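What the coordinates show
In case you want the letters, here they are:
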Amino acid sequence: LTAREHLDRLPAARGHPSLSAQPSMLAFAGPLAPRPPTVRPCQARSHRLAASHRRPKTRTRPGVLASAWSDAVEEQMYSRFSDLGSVDRAVQCFQAALRGEVLRRDAGTPRRQQAHSFIDGLTAVPWHTDDQELVQRWHPWVAPLVEALPQVAKELHRTAFTASGSLRLAKTGNNVWAAPVRTEALGYGPEWRTLVLQDHAWDRANIGLFPKTTEAILESGVPSVEAFFARQAPNSGIAKHTDGCNFILTSHFPLMVPDQKDASWIEVAGERRYWRTGEPLVFDTSFEHHTWNESPDQDRVVLLIRFWHPELTFAERQAISFLFRAIEDPTVLQNP
């Protein structure tokens with residue numbers, strides 16, 4: 001089966017005909033409930049996980065601050081996923097959030113790392129693409145995606161930056177070049193816009209418009225959580241922040257870069273890198289980072305893929321996915 005045929009055979013997401021469940025071998029266990037357009041949804045989920053300790057408390061037990069809801073979530077994380085392997089670290093992540101704990105390292109320095117959704121003990125490296133041996137060992141999917149970038153760039157140009165393509169995109173696409181709408185994402189600014197292919201589940205409308213890009217992502221084997229085109233307008237950038245989560249990493253595949261040399265850049269942990277067409281960047285956004293496009297008249301566009309930290313097991317990925325779904329939609333607890 002082609003990637004598109006595989007997606008077409010998947011059931012539609014509950015209550016949202018434009019979404020289909022992502023293959024579990026690649027990321028989450030199932031689709032989220034529908035919600036308004038957003039950017040950096042994983043960042044939003046990690047904020048809501050951190051806020052879960054404010055749910056009404058009904059009782060406590062040793063070592064765990066719990067409510068009836070949190071007890072049910074924890075019990076189902078074990079009952080649903082223990083057959084796949086240990087989910088202890090995923091449950092501990094939940095328990096830490098219930099206690100309001102935050103992972104903080106190197107506060108007050110450029111290498112500040114902060115995560116309110118975290119798994120203890122994960123290797124933390126700001127820039128993965130500085131070490132090609134690390135990329136080959138941990139991220140073998142980068143090479144096939146780089147090879148596919150010329151086709152992805154052509155498809156993006158044809159679909160989004162020609163008169164006929166952009167007209168069709170505006171008519172049939174879903175949340176095309178959406179601006180930030182959630183409070184925790186407003187630091188990105190109105191000039192940072194996204195066109196989402198995957199946010200936990202795949203957006204059927206948009207992958208239909210970008211079939212070659214979708215196929216390249218799926219066939220690469222990247223354990224993706226989100227995939228979208230991110231567009232930064234001229235003379236704009238993203239303020240310093242961390243994404244608040246250390247078990248999901250980020251990759252950028254530059255597709256459109258301003259002609260001016262080194263006009264667009266990103267700093268992670270105080271170290272600046274420049275977007276250059278066809279040259280991937282892989283990094284950890286639990287470290288403080290910010291961006292800027294200094295071009296006076298040209299956008300910067302990347303294919304942005306967020307993916308599971310390679311030290312997470314499949315069982316842990318599934319359990320954390322379920323946890324996020326339970327936070328989004330508590331009714332999933334009623335469907336074991």
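Right above here is the structure, for reference.
What counts, and where the lines are drawn
- Residues numbered from 1 in each chain as written.
- Predicted model: local features only at pLDDT ≥ 70, side-chain atom pairs only at ≥ 80, totals over all residues.
- Heavy atoms only, no water.
- Helix = DSSP H or I, 4+ residues; strand = E, 2+ residues; numbered from the N terminus.
- Buried < 20%, exposed > 50% of the residue type's maximum accessible area, 1.4 Å probe, protein only.
- Contact = heavy atoms within 4.5 Å.
- Areas by Shrake-Rupley, 256 points an atom, 1.4 Å probe, with all protein chains shown as cover.
- Pairing = 2+ DSSP bridges.
- Axes fitted to C-alpha atoms, helices over the stretch in contact; angles between N-to-C directions.
- Core = buried A, V, L, I, M, F, W, Y, C linked by side-chain atoms within 4.5 Å.

A few words on the overall build of the protein chain. Helices and strands together make up the secondary structure of the protein chain, namely 10 helices and 17 strands. Every one of the 336 residues in the protein chain was classed for burial, and the buried ones make up 56%. In the protein chain, the proportion of contacts linking residues at least 24 apart, taken out of those at least 6 apart, comes to 74%. Approximately 13,900 Å² of the protein chain is accessible, and the part contributed by carbon and sulfur atoms is 52%.

So, on to the sheet that holds strand β10 (residues 236–241). Spatially, the four strands line up as an open sheet ordered β10-β16-β13-β14, and their pairing is antiparallel. A single partner strand is all that each edge strand has here, and the edge strands are β10 and β14 (271–274). Taking each pair of neighbouring strands and ignoring which way they run, the sheet shows an average axis angle of 15 degrees. In this sheet, strand β16 (residues 289–293) lies alongside β10 in antiparallel orientation, the contact comprising four bridges. Bridge pairing in β16 places I238 opposite T291.

Topologically, Q232 is positioned in strand β9 (residues 224–232). Non-local contacts of Q232, meaning those with residues more than four positions away in its chain, are made with E191, W192, G237, I238, T291, N293, D299 and R300.

Let's shift gears to the nonpolar core. Of all hydrophobic cores here, the largest spans 31 residues; its most connected members are F210, I217, F229, F253 and I305. Mapped onto this core, the elements with two or more residues apiece are α6 (142–160), β7 (192–199), α8 (204–209), α9 (211–220), β9, β12 (248–256) and β17 (300–308). When residues in this core are grouped by element, the largest group, seven residues, is from α6. Contacts of I217, omitting those with residues within four sequence positions, involve L145, L197, W202, V222, S224, A227, L303 and I305.

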